[in-house]
Amino acid sequence: MSLELPRDFRWGVATSAYQIEGAVAEDGRTPSIWDTFCRVPGAVENGEDGDVACDHYHRMPEDVALIKTLGVDTYRFSVAWPRIQPGGRGPVNPAGLAFYDRLVDELLSAGITPWLTLYHWDLPQELEDAGGWPHRDTAYRFAEYAELVYAGLGDRVEHWTTLNEAWCSAWLGYVEGVHAPGRRDFADGVASVHHLLLGHGLAVQRLRAAAAAADRPIDLAITHILGNAVPASDSPVDVEAARRGDALHFRMYMDPMFKAAYPPDLIADLDAVGVSIPVQDGDLEIISAPLDTLGVNYYRSMKTTGFAEDGTTTTDEAGRPVTRTVDFGDRPKTYIDWEVMPDDFADLLVRIGTDYPGIPLVITENGAAYDDVPDADGFVDDQERTNYIAEHLAAVAQARRRGADVRGYFAWSLMDNFEWAYGYDKRFGIIRTDYQTQTRTPKRSALWLRDTIARARRPRGED
Ligand code: IFM
């Protein structure tokens, strides 16, 4: 298959700290909101947690060697805030930083570019106890932490992502309560979005200044999880529901960053239920500071309806009109029950390029969970995952042909890991993790990706 991706296209694999590291009480790390959440009965499937996960903290050199075999040029990982700054305040914890120092050196000596995410959901528990993301001070704490990490690693790391999927932190964590910290309050969720974005903006300011002072190149990014809200029908009720969904789950994150304003229709929707975004003077200027790259995580789009299950239109207890996502119904599903929709991926990328022009895109996550069955040697012949990645890469190539400036693709995930509230049953890895023995075995999808990357890098005509 020829993907028509340029030879300098960036190829990577991605992970996050809590999902793979384990060693939650080592070298001064203190609990994050996820350590706490995992202890809540019923919060995580089978009562599982990230205490050991893939034991990456102890197996890091072996894992970097494995990454190298894939032929990727980039590894996207996250730093655990409670390792660097236990409790979320105060000086750097040298032992915690030392792990990432070793990781960065190991990557560089393997010829792999480190792509560092500062926040992939592991807020120090003390900061949650002090109010968490609904509390404005958390944004300032995050900026301080970002500076500490940059002071330790900025001499070798050029690619910095502030936040991974602010939507998940705010919506799943503070509105739906299905992710840590498990709170359920719409107004808190709205405030969280603003403070996450403010923390991002403050961190960008400080990292940009630190890089300039040291005369170093820096590539600053944020990663959003994005999908289009597609009306379930032509009915004005569904069209209006899709508009609401798009405002709350997409434009609320993108507009302040790239247009320096929250969408007016979102503000009106919030106003109608007595909720406001706690914006202070100067915030939007900070949030909209120029970026070098936008990370896009894509899994699916949302077919959206304004009708309740019984076919009526109504409001919830907070007075918000029904805005539900429903299955498209005609798409295959992955093991996590998410529908597979690569065409929408291409449309999404083109839309981003049109609505928010000028920002280069990198797909910082894309992948799928399937019900893997290993053979006697631990090999998984994951044809479905391979097809999934191939179809989504083809969508990237198509979006590029339609004008989207997509410069890279990172598979989620390097290896099977702790899939948050789903525990360990939902496997997204292109490498199998045997959690009993911690053996890693590349699946068919990993071998396919390796060969695809090699082909994409060959001079044209040598296919
Ligand atoms: O595993 C997660 C990751 O941490 C963030 N993006 C979505 C993935 C799959 O759910």
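The preceding data block contains the structure.
Predicted model, so just to flag it, every value in this text is computed and none were measured.

Asker: Tell me about the sheet that holds strand β7 (residues 293-297), and please be specific about residues and values.
Answerer: Read around the closed barrel, the eight strands follow the order β1-β2-β3-β4-β5-β7-β10-β11; overall the barrel is parallel. The average angle at which neighbouring strand axes cross in this sheet is 25°, direction not considered. In this sheet, strand β11 (residues 406-412) lies alongside strand β1 (residues 10-14) in parallel orientation, the contact comprising five bridges. By the bridge assignment, alanine 14 is partnered in β11 with tryptophan 412. This element, helix α7 (residues 137-153), spans β3 (113-119) and β4 (159-164) of the sheet and lies at about 155° to β3. Against the sheet, helix α9 (residues 186-213) touches β3, β4 and β5 (219-225), its axis set at about 165° to β5.

Asker: Tell me about unusual backbone geometry, and name the residues and values.
Answerer: The phi angle of most residues is negative, glycine excepted, and most peptide bonds adopt the trans form. A cis amide bond, omega 5°, links alanine 180 with the succeeding residue proline 181. Its location among the elements puts proline 181 in the loop between α8 (166-175) and α9. Phi at aspartate 27 is positive, roughly 50°, even though this residue is not glycine. In this fold, aspartate 27 is placed in the loop between α1 (17-20) and α2 (33-38). The backbone phi angle of asparagine 46 is positive, close to 60°, even though this residue is not glycine. Mapped onto the fold, asparagine 46 is located in the loop between α2 and α3 (56-70). Given a relative accessible area of 63%, asparagine 46 falls into the exposed group.

Asker: Could you give an account of the nonpolar core, with specific residues and numbers?
Answerer: In terms of nonpolar packing, the biggest core is built from 147 residues, with Trp34, Tyr75, Tyr100, Tyr119, Trp160, Leu349 and Ile352 touching the most fellow members. Here tryptophan 160 is in contact with Leu116, Leu118, Val149, Tyr150, Leu153, Gly154, Leu207, Ile218, Asp219, Leu220 and Ala221, once residues within four sequence places are set aside. Residues Ala139, Ala143, Leu202 and Ile286 belong to the second largest nonpolar core, which totals five residues.

Asker: How would you sum up the environment of methionine 252? Please name residues and give values.
Answerer: Within the secondary structure layout, methionine 252 lies in helix α10 (residues 236-259). By relative accessible area, which is 1% here, methionine 252 ends up buried. Those residues within four positions of methionine 252 in sequence are excluded, and the remaining contacts are Val190, Val193, Leu197, Ala247, Tyr262, Pro263, Leu266 and Ile277.

Quick notes on the rules
Residues numbered from 1 in each chain as written. Predicted model: local features only at pLDDT ≥ 70, side-chain atom pairs only at ≥ 80, totals over all residues. Heavy atoms only, no water. Pairing = 2+ DSSP bridges. Helix = DSSP H or I, 4+ residues; strand = E, 2+ residues; numbered from the N terminus. Axes fitted to C-alpha atoms, helices over the stretch in contact; angles between N-to-C directions. Contact = heavy atoms within 4.5 Å. Buried < 20%, exposed > 50% of the residue type's maximum accessible area, 1.4 Å probe, protein only. Core = buried A, V, L, I, M, F, W, Y, C linked by side-chain atoms within 4.5 Å.

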